[in-house]
Amino acid sequence: MEWHSLTAAECEKKLGTAKEGLTQAKAAHRLREYGENILEAPPGKSLLRRFLEQFKDFMVIILLLAAAVSFLTSWAQGDTDYIDAVIILLIVNVNAVIGLVQESRAEKALTALQDLTAPHAKVLRAGQTVQIPAQQLVPGDIVLLDTGDLVPADIRLLQSVNLRVQESALTGESQAVQKNESVLCQPQTPLGDRKNMCYSSTSVTSGHGRGIVVATGMQTQVGHIARMLTVQETPQTPLQKKLEATGKVLGIGALVLCGIIFVMGLLQGTQPLDMFLTSISLAVAAIPEGLPAVVTIVLAAGMRRMAERKAIVRHMMAVETLGSASVICSDKTGTLTQNHMTVVEMRDTSGRIAEHSPRERQLLDYAVLCTNCTVDGSHILGEATEIALCEAAKNKEMLDRQFPRVREVPFSSARKRMTVVVRLPEGRFRVIVKGAPDVLELLCRGGCAPRQNREMASRALRVLAVAVKEISTLHGVADASLESGLQFVGLIGMEDPPRPEVGEAVSLCRHAGIRPVMITGDHAATAAAIARTLGILTNGSVISGFELDAMPQDILTKKIYDYSVFARVSPAHKVRIVQAFQSRGEVVAMTGDGVNDAPALKAADIGCAMGRSGTDVAKGAADMILADDNFATIVEAVREGRGIYSNIRRTIHFLLSCNVGELLAVFISFLLRLPLPLVAIQLLWVNLVTDSFPALALGVEPIDQDVMEKKPIRRGSSIFANGLGWSIIVEGCLIGALSLLAYTIGRLFFDCSLENPIIGRTMGFAVLSLSQLAHAFNMRSDTHSLFERGRPKNGKLVAATIGCAAAMAAVVAVPALAAVFKTAVLSPLQWLITLALSLCPIAVIELEKLLQRDRPVTQKPTLLPNTSQKPNT
Ligand code: ATP
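Residues numbered from 1 in each chain as written. Predicted model: local features only at pLDDT ≥ 70, side-chain atom pairs only at ≥ 80, totals over all residues. Heavy atoms only, no water.

1. Some points on the overall build of the protein chain
Summing up its helical and strand segments, the protein chain has 32 helices and 25 strands in all. Dimensions of the protein chain along its principal axes, counting C-alpha atoms only, are 115 × 65 × 45 Å. By residue count, 53% of the 873 residues in the protein chain fall in the buried class. A separation threshold of at least 6 residues defines the contact pool for the protein chain, and within that pool the share at least 24 residues apart is 72%. As presented, the protein chain carries roughly 37600 Å² of accessible surface, and 59% of it is formed by carbon and sulfur atoms. Computed over 87 positive and 82 negative side-chain charges, the separation of the two mean positions in the protein chain equals 3 Å. (Helix = DSSP H or I, 4+ residues; strand = E, 2+ residues; numbered from the N terminus. Buried < 20%, exposed > 50% of the residue type's maximum accessible area, 1.4 Å probe, protein only. Contact = heavy atoms within 4.5 Å. Areas by Shrake-Rupley, 256 points an atom, 1.4 Å probe, with all protein chains shown as cover. Lys, Arg positive; Asp, Glu negative; His and termini not counted. Charge placed at Lys NZ, Arg CZ, Asp CG, Glu CD.)

2. Quick notes on helix 8 (residues 238-267)
In a regular helix each residue adds 1.5 Å, so 30 residues correspond to 44 Å; helix 8 covers 44 Å between its end C-alpha atoms and thus fits that length. Turning to helix 8, its buried residues are Pro238, Leu239, Gln240, Leu243, Gly247, Gly251, Ala254, Cys258, Ile261 and Gly265. Within two residues after helix 8, Gly269 carries a phi angle of roughly 90 degrees, on the positive side. (Expected span 1.5 Å × (residues − 1).)

3. Examining the state of the cysteines
All told, the structure shown has zero disulfides when counted by the stated rule. As a non-bridged cysteine, Cys444 has Cys448 as the owner of its nearest cysteine sulfur, 3.6 Å distant. Cysteine Cys658 is unpaired, with the sulfur of Cys804 as its nearest cysteine sulfur at 11 Å. We classify Cys658 as buried; its relative accessible area is 0%. (Disulfide = S-S within 2.5 Å.)

4. A few points about the site of the ligand
Lining the immediate environment of the ligand, one finds 21 residues, of which Lys332, Thr333, Lys434, Arg462 and Asp522 sit closest. Arg568 is positioned such that a nitrogen or oxygen atom in its side chain is 3.1 Å from an oxygen atom of the ligand. Surface burial for the ligand is 93%, taken as the share of its 600 Å² of free accessible area covered by protein chains. When contributions to the shell around the ligand are tallied by element, the ones reaching two or more residues are helix 13 (384-393), strand 16 (429-435) and strand 18 (462-471). A total of three residues in the shell around the ligand trace back to one element, the largest contributor, which is strand 18. Tallied by class, the residues present in the shell around the ligand amount to six nonpolar, six polar and nine charged. Lining the shell around the ligand are residues from two domains, each supplying at least three of them: domain 2 (312-338 + 499-629) and domain 3 (342-495). (Near = heavy atom within 4 Å. Polar contact = N/O pair within 3.5 Å; in protein donor to acceptor, adjacent residues only side chain to side chain. Nonpolar A, V, L, I, M, F, W, Y, C, P; charged D, E, K, R; others polar. Domains from an automatic or database assignment.)

5. As for the pattern of salt bridges
This structure, assessed with the given rule, holds 33 salt bridges. Residue Asp522 pairs with Arg462 through a salt bridge whose shortest N-O separation is 3.2 Å. With Asp522 in the loop between strand 20 (515-519) and helix 19 (524-534) and Arg462 in strand 18, the pair connects residues that are 60 residues apart, well separated along the chain. The exposure class of Asp522 is buried, given its relative accessible area of 4%. As a salt-bridge pair, Arg639 and Glu636 come within 3.6 Å of each other at their nearest N and O atoms. One end of the pair is Arg639 and the other is Glu636, both in helix 25 (residues 631-671) and three residues apart, which spans about a single turn. Through salt bridges that share partners, Arg305, Arg309, Glu636, Arg639 and Glu640 make up one connected network. (Salt bridge = Lys/Arg side-chain N within 4 Å of Asp/Glu carboxyl O.)

6. So, unusual backbone geometry
For Ala126, which is not glycine, the phi dihedral falls at a positive 50 degrees. With respect to the helices, strands and loops of the structure, Ala126 is situated in the loop between strand 1 (120-125) and strand 2 (128-133). Even without being glycine, Ala449 reaches a positive phi, approximately 55 degrees. Mapped onto the fold, Ala449 is located in the loop between strand 17 (444-445) and helix 16 (450-458). Classification of Ala449 by relative accessible area gives buried; the value is 6%.

7. A few points about the side chain of Arg430
The topology assignment puts Arg430 in strand 16. Residue class for Arg430 comes out buried when judged on its relative accessible area of 15%. There is a polar contact of 3.1 Å between the side chain of Arg430 and the side chain of Glu470. In this structure Arg430 touches Tyr366, Val420, Val421, Val422, Leu424, Val468, Lys469 and Glu470, once residues within four positions along its chain are discounted.

8. Description of the domain arrangement of the protein chain
Domain parsing of the protein chain yields domain 1 (3-41 + 111-231), domain 2 (312-338 + 499-629), domain 3 (342-495) and domain 4 (643-703 + 721-854). Between the C-alpha centres of domain 3 and domain 4 the distance comes to 73 Å.

9. Looking at the nonpolar core
In terms of nonpolar packing, the biggest core is built from 71 residues, with Met306, Ile328, Met518, Met624, Phe631, Ile648 and Phe654 touching the most fellow members. The element best represented in this core is helix 25, accounting for 14 residues. Those residues within four positions of Met518 in sequence are excluded, and the remaining contacts are Ser330, Lys332, Leu336, Ala527, Ile530, Ala531, Ile536, Ser564, Val565 and Phe566. In terms of nonpolar packing, the next biggest core, distinct from the first, is built from 58 residues, Val92, Ala286, Val666 and Leu768 among them. (Core = buried A, V, L, I, M, F, W, Y, C linked by side-chain atoms within 4.5 Å.)

10. Some details on the confidence of the model for the protein chain
Chain-level statistics for the protein chain give a pLDDT mean of 86 and a share of 94% at 70 or above. This stretch, residues 857-873, has a pLDDT under 50; its non-local contacts, to residues over four places away or in other chains, come to 64 contacts. (pLDDT = per-residue confidence, 0-100.)

11. As for helix 19
Side chains three or four residues apart in an α-helix point the same way, a direct result of the helix having 3.6 residues per turn. Within helix 19, eight of the eleven residues are buried, which leaves it mostly tucked inside the rest of the structure. Of the residues making up helix 19, those classed as buried are Ala525, Thr526, Ala527, Ala528, Ala529, Ile530, Ala531 and Leu534. Buried residues in helix 19 make contact with helix 16, strand 18, helix 18 (502-511), strand 20, strand 21 (541-544) and strand 22 (563-567). Immediately downstream of helix 19, the backbone of Gly535 shows phi near 85 degrees, a positive value.

12. Observations concerning the environment of Cys11
Positionally, Cys11 belongs in helix 1 (residues 8-15). A relative accessible area of 0% means that Cys11 is categorised as buried. For the pair Cys11 and Pro187, spaced 176 residues apart in sequence, the C-alpha separation works out to 14 Å. Contact partners of Cys11, with chain neighbours within four places excluded, come to Trp3, Leu6, Arg156 and Ile212.

13. Some details on the sheet that holds strand 25 (residues 624-626)
A sheet is described by the order of its strands in space; here eight strands give the open sequence 8-25-24-23-9-20-22-21, paired in mixed fashion. The open sheet has two free edges, formed respectively by strand 8 (311-313) and strand 21, since each of these has just one partner strand. Looking at each pair of strands side by side, their axes are set apart by 20 degrees on average, direction ignored. Across three bridges, strand 9 (residues 327-331) lies against strand 23 (residues 588-592) in parallel orientation. Within strand 23, the position partnered with Cys329 by the bridge is Met590. Lying on the sheet, helix 19 is in contact with strand 20, strand 21 and strand 22; it crosses strand 22 at an angle near 140 degrees. (Pairing = 2+ DSSP bridges. Axes fitted to C-alpha atoms, helices over the stretch in contact; angles between N-to-C directions.)

14. A look at the pairing of strand 24 (residues 606-610)
With five of five residues buried, strand 24 lies mostly within the body of the structure. Sheet topology places strand 23 next to strand 24; four bridges connect them, and they run parallel. Residue Met590 lies in a different strand from strand 24, and its bridge partner there is Gly607. Between strand 23 and its parallel partner strand 24, the chain crosses via helix 23 (residues 598-603), and the hand of that crossover is right-handed. Relative to strand 25, strand 24 runs parallel, the two sharing three bridges. What sits directly across from Cys608, in strand 25, is Met624. What joins strand 24 to strand 25 is helix 24 (residues 616-621), and the crossover it makes is right-handed. (Right-handed = clockwise from strand over helix to strand, strands pointing away.)

Structure (structure tokens):
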């Protein structure tokens, strides 16, 4: 249907829509008929395919090859002992299942997050304006469009005020296009020139309007091309990339070492097949191929937790960056304050306007005529400042009927004012302008009571000025001349109290080495008063947008630390502020809600959009969405980010120190020309089964209480910095040595044959596995003792340890399993020795922590990967 060639009335008739929109019943019926307003994603990968993809891994392929070689050799030798091949296959499959489950959980967490950020639409249903999830829109619905909205469906406009739409998603044209409902297009008019239509997935850059939905879901223009779109793979985060690179280097080293061991083993006369399997198992043990996957799992789990705390992270990368945030630039209204405004005071040049006086009535009436609130019974919908005015006046609907609006120049943060023209009964017109007093000052004859304005602002009041003039004709009058030669009417002061939790969040920031900065469109005095109350303005000073305009960027960069409050700024200034901080090496989080904030949100290291008051465009440009618009939520997200980072470090620390231990135990015994201390199956078991669960449990360790007492993680520092690499090597040596010691004790004192030391192997195997389980508990804190009271518990780690220890005991004690794993049943004395050795890592690390605590503390900066890149959104 060529909707653009039909008049608005024809469209309404064809779609069976009344002036007051569809009824709920009709909408429900159409929803069943037309389906949801969503773009169908191309079908995802099947479960089987995803399971098979787990076998794509290089190490798994080697293992499968090893199983095949083992099977073929046994078969060629006429041997029916296929147990090695079967066990390898079993272990590889168990691993694939674990991988698949973790991957699906991570994916589910991410999809759930996407659902949380799905857009909403304002529609007129049965005469009432309601907000509904955009996916419930149906053809015939009347939709209201506002600046910053994503157009939720294909729409034929019925009304528009300065409506401009950015259609690059469809037409490639990056300039916003002016729309107008009264234009009638030819049927063959190309998409980009259809002025009376707005299309799904484009965005409103200014003005507002309303229109009737003509197509939804796959029937929309973007739906027609949706089938061509492919699902984008989530890009790797910098940390994942770095770990993959590190893993490769370590892997090559490990492979070389395994090659040497293989050759040495052959020279020593070990059976080639045994030697082959052991070398391969060792390679599997030593190559940290699972590291990037662990990071994904920990990040995804962290993102879910953050969403529960109202910080919805849109890119995994942002979680990493959060831990290193060193400056948080926050809007004032709604983020630091409650965004619940109340008119408390009105003034004109002669002083305070008496309550309930005719002057007060007149001032409020003018102000209310210049608002875009919609009144729904006792409920007023709209922007907080305007709601406050309508609540104070209580006569919005009546005034709108009495003085119909004929023109509007919308409010924007850059203009800081809004203008309407209403028709007076006698046929003349009244221009009403409301806005920031210092902006109106230049437009009014005789000024806007600047002294009163300053005095009110210094008491943290948000002040609006109202000015009017009468004109006889509108014909040919430009917006600029509407807004000149005005008559000042009065000032309206509003109170917007700070959010109660922000003061504490600000002081938490300071402890954590993060600089809180206020950026606001409001007056400098208002901003300063609130910033002082919240502790943001202590020794820094306030700078205004006018001063910023006069300051070159290099000077701003130089002086940036002098300022804690930026007042009367417009969105364009935000980009400059972000860049100035970034040039000084800071990692900047920046909040934003409007369409014009998108560049600043993109420029910031962590762009935070407001979930409630933010526009779709701002949300689309942000890395994180604050579901409650709250500053404290950003600080909480930073805490989580730091916690997640240290959990990733814990997991890597654990996995790599265990790998080093396994590799060393085998390598040293070769150097000493001892028989194999561990057989292939045992190595695989430890590495692929008993290690994995504690590692995953460490990834969800509760956040350290002192995580916000450290400095932000330095941008660009290695995950192995701050002694982690060294700890991995030392602790790996300890685990390897303990395992070798157990092996030697068993071999020398309990085994009958020194050449086939089955008890020695069993003890070495058990110590390797159990000491790693014990070591997992060491990872819980770098500084705090395991036995310290009041530390939060990690139930998952306890469960994983009990489960793995029981599995280990079964492998040794159950004869059928012992036969498979080539172990012997141990005597109580042997168990005692095994357990004593296995607990050694705890004793050693506790001692180290004790010694460290006694040393004078120098604050360690925590570490950070280079997370300066951001994905394009
Ligand atoms: P923040 O940037 O912290 O959210 P803000 O809400 O005060 O602060 P803007 O929305 O850019 O920032 O508003 C800037 C100024 O414009 C306000 O101080 C006020 O004087 C004026 N103003 C705000 N809302 C309106 C409105 N709806 N109509 C006219 N003027 C407005």
